[in-house]
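Geometric and topological summary
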Amino acid sequence: MTTHRIAEEDRMARERPRRRASRTRGGGQAFALFAECLLTGVWFVVVALPVVTVPAALAASARHLAGHLDGTPASLLDFLRDVREAWHGGWLVGLASIGAALFLTADLAVLTIEGVPGRSVVALLVMIVAGLAATVLLRASAAWEAGASWKDLFAGAMRDARGDVGGTGILLGGLLVLVACTWALWILFVPMSGCLIGAALAVHRRRHGTAAGPS
């Protein structure tokens, strides 16, 4: 009995440094991913400034983070090449997104007029629709790969949005955090947008069972 206890204690003593090293390595990887999200947020915001380029910027940003997770980090030039590739067909999505945003904004503006019946309820519905549309765009962007059709990406994103309620809730929560942080301090939009893109990639990989990186 005593011999068995000594052997067990010896085994635990040998494993303890390995567990500490594993925790340290995991913490370092998590910090590196967080830093990559912040950097990606900067790249995304710069490319998305013309607004019509938002879908292409989202797709290239998600692609960049995916490469980091898979152990194939990409440079700024690679990111810009992905932006150019995603722009093919993505510019139509950008125009459609601008049109939808203007329409929803006009609806909200009308609802600020006194005397409009049920305006608080309608305003809430408009914001929910806007949030759901944004989650679909995030899902489609997270699934983008070079040569992918945006039509197919959106069809898949719609299916995922219906079939993965939990993931949709995560993305809606991320959007709320982004809005709240931007409302508190506008510059926070830059890093938080990178974190939101990272969340969209995580939701996509969870849904489709994609490995999060090398073992």
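This one's a predicted model, so the numbers in the text were calculated from it and none came from an experiment.

Turning our attention to the environment of Asp-82. Tracing the sequence through the fold places Asp-82 in helix H3 (residues 76-111). Note on Asp-82: relative accessible area 18%, which makes it buried. For Asp-82 and Glu-145, which are 63 residues apart along the polypeptide, the C-alpha to C-alpha distance reads 8.7 Å. Other than its neighbours up to four places away in sequence, Asp-82 contacts Ala-60, Arg-63 and Trp-144.

In this structure, Phe-44, Leu-138 and Trp-150 are the most contacted members of the largest nonpolar core, which totals 37 residues. Every element with two or more residues in this core is listed here: helix H1 (2-48), helix H2 (54-69), H3, helix H4 (119-142), helix H5 (150-163), helix H6 (165-184) and helix H7 (189-208). Counting residues per element, this core draws most heavily on H2, which supplies eight residues. If we skip the residues at most four places from it in the chain, Trp-150 touches Pro-55, Ala-59, Ala-86, His-88, Gly-89, Gly-90, Val-93, Ala-140, Ser-141 and Trp-144.

Over its 36 residues, H3 runs only 43 Å from end to end, short of the ideal 52 Å by more than 12%, given 1.5 Å per residue. Those residues of H3 that sit buried are Phe-79, Asp-82, Val-83, Ala-86, Gly-90, Val-93, Gly-94, Leu-104 and Leu-111.

Once that is clear, we can look at H5. Over its 14 residues, H5 extends 20 Å from the first C-alpha to the last, a length consistent with the 20 Å expected when each residue adds 1.5 Å. Those residues of H5 lying buried are Trp-150, Leu-153, Gly-156, Ala-157, Asp-160 and Ala-161. On an axial view of H5, the arc spanned by its buried residues comes to 140 degrees, and they lie on one face. Within H5, the exposed residues directed more than 90 degrees away from the buried face are Lys-151, Asp-152 and Arg-162. Where the residues of H5 are buried, they touch H2, H3, H4, H6 and H7.

Looking now at the environment of His-204. Take His-204: it is sitting in helix H7. Along the sequence, His-204 and Ala-157 sit 47 residues apart, while their C-alpha atoms lie 9.2 Å from each other. Not counting the four nearest positions on each side in its chain, His-204 is found in contact with Ala-142 and Ala-143.

A few words on the layout of surface pockets. If a probe as big as a water molecule is rolled over the atoms, it shows which places are left empty. Taken as a whole, the largest pocket encloses approximately 1,400 Å³ of empty space. As for the largest pocket, its lining consists of 38 residues, and the residues nearest its centre are Ala-130, Gly-131, Ala-134, Leu-175 and Val-179. Within the residue set of the lining of the largest pocket, elements represented by two or more residues are H1, H2, H3, H4, H6 and H7. For the lining of the largest pocket, the element with the highest residue contribution is H4, accounting for 11 residues. The residue makeup of the lining of the largest pocket, split by class, is 32 nonpolar, six polar and no charged.

What counts and what doesn't
- Residues numbered from 1 in each chain as written.
- Predicted model: local features only at pLDDT ≥ 70, side-chain atom pairs only at ≥ 80, totals over all residues.
- Heavy atoms only, no water.
- Helix = DSSP H or I, 4+ residues; strand = E, 2+ residues; numbered from the N terminus.
- Buried < 20%, exposed > 50% of the residue type's maximum accessible area, 1.4 Å probe, protein only.
- Contact = heavy atoms within 4.5 Å.
- Core = buried A, V, L, I, M, F, W, Y, C linked by side-chain atoms within 4.5 Å.
- Expected span 1.5 Å × (residues − 1).
- Arc of directions from axis to C-beta.
- 1 Å grid on protein atoms, 1.4 Å probe; cavity = no way out; pocket = protein on both sides within 12 Å on 5 of 7 lines; lining within 4 Å.
- Points joined across faces, edges and corners; volume = space filled by probe spheres on them.
- Nonpolar A, V, L, I, M, F, W, Y, C, P; charged D, E, K, R; others polar.

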